[in-house]
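Structural characterization, general
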Amino acid sequence: MSRETGNLFLKKELTREDIVTLLRSDDDNRNMLFKEASEVKKRYLGNTIYLRGLIEYSNLCGKNCLYCGVRKDNKKINRYTLSDDEVFDAAIAAREMGFGSITLQAGELDGQAHTDKIESLINTIRKLTDNALGITLSMGEQSSETYKRWFEAGANLYLLRIEASGKNLYEKVHPVDGHNSYYLRHECLKIIQNTGYQTGVGIIVGLPHQTLYDLADDIIFMRDFDIDICGISPFIEHTDTPIWKGGSDTYFLDERFNLTLKMIALMRIIMKDINIVSATAVRSINTTGLEKAIIAGANIIMPNLTPIRYREGYKLYEPKPDAKEIDRNNVSGLNLELLPGETIGLGKRGDTTHFQRRKNKL
Ligand code: 5AD
Ligand code: SF4
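My aim in this report is to walk through the structure given alongside it, one point at a time. Remember, it's a predicted structure, so these values are computed and weren't measured experimentally.

**Some thoughts on the overall build of the protein**
Within the protein, the regular secondary structure consists of 14 helices and nine strands. Relative to its length of 362 residues, the protein is compact, with a C-alpha radius of gyration of 19 Å against a globular reference of 21 Å. Expressed along its principal axes, the backbone C-alpha trace of the protein runs to roughly 60 × 45 × 40 Å. The proportion of buried residues among the 362 residues of the protein is 56%. Sequence separation of at least 24 residues holds for 77% of the intrachain contacts in the protein that already meet a minimum separation of 6. In the structure as shown, the protein presents an accessible area of about 15700 Å², 49% of it carried by carbon and sulfur atoms. The positive charge centre, built from 48 side chains, and the negative charge centre, built from 49, are 3 Å apart in the protein.

Okay, here's the thing in structure tokens:
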């Protein structure tokens, strides 16, 4: 690839073709891409990594996404839901350890009782932590009423990944069983954004049938939707899913990992001041994956606060990194020696100027 191609990312607006070319880049060109992403991050957001403590509230799920180990039809896992006190203890611990925000994540559940429960958890968390924590939810597709109630209770950010922004691919990895609708997914994202949440969208890299053009379209979708936060994970097979083909191939895992880093770098270069999560799945493939994702442009990590005894039940993919308690002397869990100049934003939410700008436009 020529040097001009390597510098393609400096163009004011990247086309679909440009993005595909950059996703193909290797070695020197790839390092130039990461360097530029790092500089953009420094220029727009500084060198602070923000923490968002993850509480995996429940692994009950009404859906059957073909790639996910927590899918409804996987009878091999023990289903659990944390007690209220377990959630409160995790939130209090998050505050004590200096986290600026927490994320409550669960499979997709619906019904009045669930809406009421989450609303009441949000209210109590806020009281117990003096309103000091940002509260993120990752609870799937809900009605506009439910999104509104949770927002009014005090949740400020909602993560709902689009997973695959193209209809064709979306429908290849989600069963057509009445529980999945490509259009409903998009509608939910619009409702979340209009309700006033910071809106987190993300995708999976390396899904079967996915092409580099699909990934370029994902970036364009997230740019045009004007997301506030982005989560990009490499696809990792889980043996108890329909997508499992009876063997995982390290070569492809490395490819997915590298592509994930390039996707993060491109999102950073294109959207500049959004938050980008360095997701745990990158550590499953590469022991220094989280640090590499930070170097490629991510600025958020989500250390796991779920009580250890439940972790076995929340395997979206396999293998997940070893279940470990958070080290109170290094709450980020990152090897900061690999990240010269970066600091951890303790006690700060890390809301971006991007969201402020978007809010001012509303
Ligand atoms: N590999 C990678 N990511 C996965 N997710 C679910 N299953 C997998 C998998 N096998 C991601 C989805 C979902 C998020 C909670 O986890 O993107 O939105
Ligand atoms: Fe359920 Fe989410 Fe897994 Fe889909 S990805 S099966 S909605 S937990």
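**Description of the site of ligand 1**
In the region of ligand 1, the neighbouring residues are Y67, C68, Q105, R161, E163, I204, P234, F235, I236, L316 and Y317. Note that an oxygen atom of ligand 1 is positioned 2.9 Å from one of the side-chain N or O atoms of R161. A distance of 2.8 Å separates a nitrogen atom of ligand 1 from a polar atom in the backbone of I236. About the coverage of ligand 1: the protein hides 88% of its 410 Å² of free accessible area. Here ligand 1 occupies the largest cavity.

**Overview of the site of ligand 2**
Close contacts around ligand 2 come from C61, K63, C65, Y67, C68, R71 and G107, and that covers them all. Comparing atom positions with the cavity grids shows ligand 2 to sit within the largest cavity. In the shell around ligand 2, the residues fall into four nonpolar, one polar and two charged.

**Overview of empty space enclosed by the protein**
For the coordinates displayed, the defined rule picks out one cavity of 30 Å³ or more. Of the volumes computed, that of the largest cavity is approximately 950 Å³. In terms of lining, the largest cavity is formed by 43 residues, of which the most central are Q105, S138, R161, E163 and L316. Breaking the lining of the largest cavity down by element, the ones donating at least two residues are β1 (48-58), β2 (101-106), β5 (198-205) and β6 (229-234). A breakdown of the residues in the lining of the largest cavity according to their chemical character gives 23 nonpolar, twelve polar and eight charged.

**Description of the layout of surface pockets**
As a volume, the second largest pocket reaches approximately 410 Å³. Forming the boundary of the second largest pocket are 19 residues, of which K12, I269, I270, M271 and K272 lie nearest the centre. For the lining of the second largest pocket, the secondary-structure elements that each account for two or more residues are α3 (27-45), α10 (250-271) and α14 (353-361). Its residues assigned to classes, the lining of the second largest pocket comprises seven nonpolar, one polar and eleven charged.

**As for the environment of D217**
Within the secondary structure, D217 is located in helix α9 (residues 212-225). By relative accessible area, which is 26% here, D217 ends up partly exposed. Residues D217 and Y251, spaced 34 residues apart in sequence, show a C-alpha to C-alpha distance of 25 Å. The contacts of D217, once residues within four sequence positions are left out, are R16 and S165.

**Here's the deal with unusual backbone geometry**
The phi dihedral of H209 falls on the positive side, at around 75 degrees, and the residue is not glycine. Assignment of secondary structure puts H209 in the loop between β5 and α9. Assessed through its relative accessible area of 56%, H209 is described here as exposed. Phi is positive for D226, close to 60 degrees, though the residue is something other than glycine. Among the secondary structure elements, D226 is positioned in the loop between α9 and β6.

**With respect to the pattern of salt bridges**
Taken as a whole and assessed by the stated rule, the structure comprises 23 salt bridges. A salt bridge links D240 to K76; its shortest N-O distance comes to 3.0 Å. Separated by 164 residues along the polypeptide, D240 in the loop between β6 and α10 and K76 in the loop between β1 and α4 (84-96) bring together distant segments of the chain. If you follow the salt bridges from partner to partner, you end up with K63, E108, E141, E163 and R185 in one network.

Parameters and conventions
Residues numbered from 1 in each chain as written. Chains lettered and ligands numbered in written order. Predicted model: local features only at pLDDT ≥ 70, side-chain atom pairs only at ≥ 80, totals over all residues. Heavy atoms only, no water. Helix = DSSP H or I, 4+ residues; strand = E, 2+ residues; numbered from the N terminus. Rg over C-alpha atoms; globule rule 2.2 N^0.38 Å. Buried < 20%, exposed > 50% of the residue type's maximum accessible area, 1.4 Å probe, protein only. Contact = heavy atoms within 4.5 Å. Areas by Shrake-Rupley, 256 points an atom, 1.4 Å probe, with all protein chains shown as cover. Lys, Arg positive; Asp, Glu negative; His and termini not counted. Charge placed at Lys NZ, Arg CZ, Asp CG, Glu CD. Near = heavy atom within 4 Å. Polar contact = N/O pair within 3.5 Å; in protein donor to acceptor, adjacent residues only side chain to side chain. 1 Å grid on protein atoms, 1.4 Å probe; cavity = no way out; pocket = protein on both sides within 12 Å on 5 of 7 lines; lining within 4 Å. Sits in = over half its atoms within 2 Å of the grid points. Nonpolar A, V, L, I, M, F, W, Y, C, P; charged D, E, K, R; others polar. Points joined across faces, edges and corners; volume = space filled by probe spheres on them. Salt bridge = Lys/Arg side-chain N within 4 Å of Asp/Glu carboxyl O.

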